[in-house]
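Inside the fold
Here is how the chains run, residue by residue.
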Amino acid sequence: MTILEANKIRKSYGNKFNKQEVLKGIDIHIQKGEFVSIMGASGSGKTTLLNVLSSIDKVSDGTITINQNEMTNMKERQLAEFRKQHLGFIFQEYNLLDTLTVKENILLPLSITKMSKKEANQKFEEVAKELRIYDLRNKYPNEISGGQKQRTSAARAFIHEPSIIFADEPTGALDSKSASDLLNKLSHLNQKRHAAIIMVTHDPVAASFSSRVVFIQDGQIYTQLNKGGQDRQMFFQDIMKTQGVLGGVQHEY
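Residues numbered from 1 in each chain as written. Predicted model: local features only at pLDDT ≥ 70, side-chain atom pairs only at ≥ 80, totals over all residues. Heavy atoms only, no water.

Quick look at the UniProt feature "domain: ABC transporter" (unreviewed entry) in the protein
- In the numbering adopted here, UniProt assigns the feature "domain: ABC transporter" (unreviewed entry) to residues 4–243.
- Secondary structure across residues 4–243 comprises 38% helix and 28% strand; the distance between its end C-alpha atoms is 25 Å. (UniProt positions renumbered as here; feature names shortened; annotations may be inferred. Helix = DSSP H or I, 4+ residues; strand = E, 2+ residues; numbered from the N terminus.)

A short note on helix H5 (residues 146–158)
- Here H5 is 13 residues long and its end C-alpha atoms lie 19 Å apart, about the 18 Å a rise of 1.5 Å per residue gives.
- The set of residues buried in H5 consists of Gly147, Gln150, Arg151, Thr152, Ser153, Ala154, Ala155, Arg156, Ala157 and Phe158.
- Of the surrounding elements, those touching the buried residues of H5 are strand E6 (87–91), helix H3 (102–111), helix H4 (117–130), strand E7 (164–168), helix H6 (176–193) and strand E8 (196–200). (Expected span 1.5 Å × (residues − 1). Buried < 20%, exposed > 50% of the residue type's maximum accessible area, 1.4 Å probe, protein only. Contact = heavy atoms within 4.5 Å.)

Details of the packing of H3 against H4
- It is at 10 Å that the axes of H3 and H4 come closest, and there the two elements cross at 125°. With respect to each other, H3 and H4 are oriented oblique. Crossing geometry of H3 relative to H4 is assigned as right-handed. Listed contacts from H4 to Lys103, Ile106, Leu107 and Leu110 of H3 are Ala120, Asn121, Lys123, Phe124 and Val127. (Axes fitted to C-alpha atoms, helices over the stretch in contact; angles between N-to-C directions. Parallel < 35°, antiparallel > 145°, perpendicular 65-115°, else oblique. Left-handed = near helix turned anticlockwise from the far one by under 90°.)

Description of the sheet that holds strand E1 (residues 2–15)
- Here we have four strands laid out as an open sheet, ordered E2-E1-E4-E5, and antiparallel in their pairing. At either margin of the open sheet sits one strand with a lone partner, and together these are strand E2 (18–31) and strand E5 (69–70).
- Where E1 and E2 come together, eleven bridges link them in antiparallel fashion. From the neighbouring strand, Asn15 faces E2, where its bridge partner is Asn18. (Pairing = 2+ DSSP bridges.)

Re the side chain of His86
- Locating His86 in the fold gives a position in helix H2 (residues 76–86).
- For His86, a relative accessible area of 19% puts it in the buried group.
- Not counting chain neighbours up to four residues away, the residues in contact with His86 comprise Asn67, Pro162, Ser163 and Ile164.

Thoughts on the sheet that holds strand E10 (residues 220–226)
- Pairing within the open sheet is mixed, and its six strands lie in the order E6-E7-E8-E3-E9-E10. With one partner strand each, in any of the chains shown, E6 and E10 form the two edges of the open sheet. Adjacent strand axes in the sheet meet at a mean angle of 20°, parallel and antiparallel pairs treated alike.
- Relative to strand E9 (residues 212–217), strand E3 (residues 35–39) runs parallel, the two being bridged by four bridges. Paired with Ile38 across the strands is Val214, a residue of E9.
- Across the face of the sheet, helix H1 (residues 46–53) comes into contact with E3, E7, E8 and E9 while running at roughly 150° to E7.
- Its contacts with the sheet put helix H8 (residues 232–246) on E3, E9 and E10, and the angle it makes with E10 is roughly 160°.

Structure, rendered in structure tokens:
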């Protein structure tokens, strides 16, 4: 079942006298429960693609449909309501509120719903235990490690059972052990809860946890790799080879 369908996506910045086209007619389909990584050299357009797919930014042309709802025609208030119900976000910088405890940060998406306190607490307990942060529930962000902060961010993204999680370099600020731990947990939650994950990453190790990798070059899809029946090490080697062919260093957008 297709959960996200983007057709002929274009994104430009500037005006008609000085226009810079970052996305140049991209088509991409994401299936329910799929784990997809987006990779590409700096300036390829991967971050811009994540931003328009997640409705953080608007497309210049093309259509994006999530759960059979066309995002590109929605007003800002409709978009905000749609995000609350259907989308989850994990950012590189965690985006936790320092004045709230771990538990309070995770429960934020449910605070704007009509869910009972008892049900909200049950959901919190389940996701916090899955991500091994339940014992940290009364601590504040400045009292926990970077890896624990990112797992708190992931719990917040999953707690309202969204259709899609958008992750922007979620391992970028983590050491290798914390990154691997987070990715293992994301993979587990992806399989258990069937929420699709779309993750931008520059790291082939992180990308090897996904089931498909989409490579972007110069605002277009260069190629895609499907994991299929390969183990993660073999998939990693394929990703490395493709990344080596792409190469190049430009400016990040």
